[in-house]
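# Structure at a glance
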Amino acid sequence: MSLVLTIKSWRLRSALMWLAHHGDWRLLPLVVAGALVGLGQAVPEWLRTSVLPLTGALVAAGWLGGRLHDELDDVGIPCRWCEDDDLVTED
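Source: prediction; values computed, not measured.

Scanning the chain from terminus to terminus reveals five helices and zero strands. Put simply, the chain runs from its N terminus to its C terminus through helices and strands in the order α-α-α-α-α. With 91 residues in all, the chain has 22% of them scored as buried. Within the chain, counting contacts between residues at least 6 apart in sequence, those at least 24 apart form 67% of the total. Carbon and sulfur atoms make up 62% of the accessible area of the chain, which totals about 6800 Å².

Here's what the structure looks like:
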């Protein structure tokens, strides 16, 4: 099933594509929790209970963004976060 046809919101498609290109943000909840523990700070209860679901949701969204990116590449629609040098050819 095509994600382009399934996801109607251009904002959601854009966010998924951005997340596919910026994979470092997927692990942000784990990094924040680890930094707090490493610094000896108290980790808030809401962060303890939500760090794994948030990380899982971001990883899944990044995977969906990668799949959406591949679908758009197959059709020939350029991505605004890809290198522009690869898309522009000079005659």
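There is more to say, and it comes next.
We now examine the side chain of T55. In this structure, T55 sits in helix 4 (residues 45–75). Apart from residues lying up to four places away in sequence, T55 is in contact with R26, L27, P29 and L30.

Within the secondary structure, G56 is located in helix 4. Separated by 29 residues in the primary sequence, G56 and L27 place their C-alpha atoms 8.8 Å from one another.

On to the nonpolar core. Listed in full, the nine residues of the largest apolar core are L3, I7, L16, M17, L19, A61, L68, L72 and C79. Elements with a contribution of two residues or more to this core: helix 2 (10–21) and helix 4. The contacts of M17, once residues within four sequence positions are left out, are G65, L68, H69, L72, C79 and W81.

Let us now look at helix 2. Between the first and last C-alpha of helix 2 there are 17 Å, a value that for 12 residues agrees with the 16 Å anticipated at 1.5 Å per step. Buried within helix 2 we find L16, M17 and L19. Down the axis, helix 2 shows its buried residues gathered within 160° of arc, on one side only. Turned more than 90 degrees off the buried face of helix 2, the exposed positions are W10 and R11. The elements touched by buried residues of helix 2 are helix 4. The opening residue of helix 2, the one whose side-chain oxygen lies 3.3 Å from the backbone nitrogen of R11, is S9.

Two side chains carrying opposite charge are able to pair once their charged atoms lie near each other. Applying the stated rule across the entire model yields two salt bridges. Where R48 meets E45, a salt bridge forms, and the shortest distance between an N and an O atom there is 3.1 Å. Separated by three residues within a single helix, R48 and E45 lie in helix 4, roughly one turn from each other. For the salt bridge of E71 with R67, the shortest nitrogen-to-oxygen distance reads 3.8 Å. Of the two residues, E71 and R67 both sit in helix 4, four residues apart, roughly one turn of that helix.

Conventions adopted
- Residues numbered from 1 in each chain as written.
- Predicted model: local features only at pLDDT ≥ 70, side-chain atom pairs only at ≥ 80, totals over all residues.
- Heavy atoms only, no water.
- Helix = DSSP H or I, 4+ residues; strand = E, 2+ residues; numbered from the N terminus.
- Buried < 20%, exposed > 50% of the residue type's maximum accessible area, 1.4 Å probe, protein only.
- Contact = heavy atoms within 4.5 Å.
- Areas by Shrake-Rupley, 256 points an atom, 1.4 Å probe, with all protein chains shown as cover.
- Core = buried A, V, L, I, M, F, W, Y, C linked by side-chain atoms within 4.5 Å.
- Expected span 1.5 Å × (residues − 1).
- Arc of directions from axis to C-beta.
- Polar contact = N/O pair within 3.5 Å; in protein donor to acceptor, adjacent residues only side chain to side chain.
- Salt bridge = Lys/Arg side-chain N within 4 Å of Asp/Glu carboxyl O.

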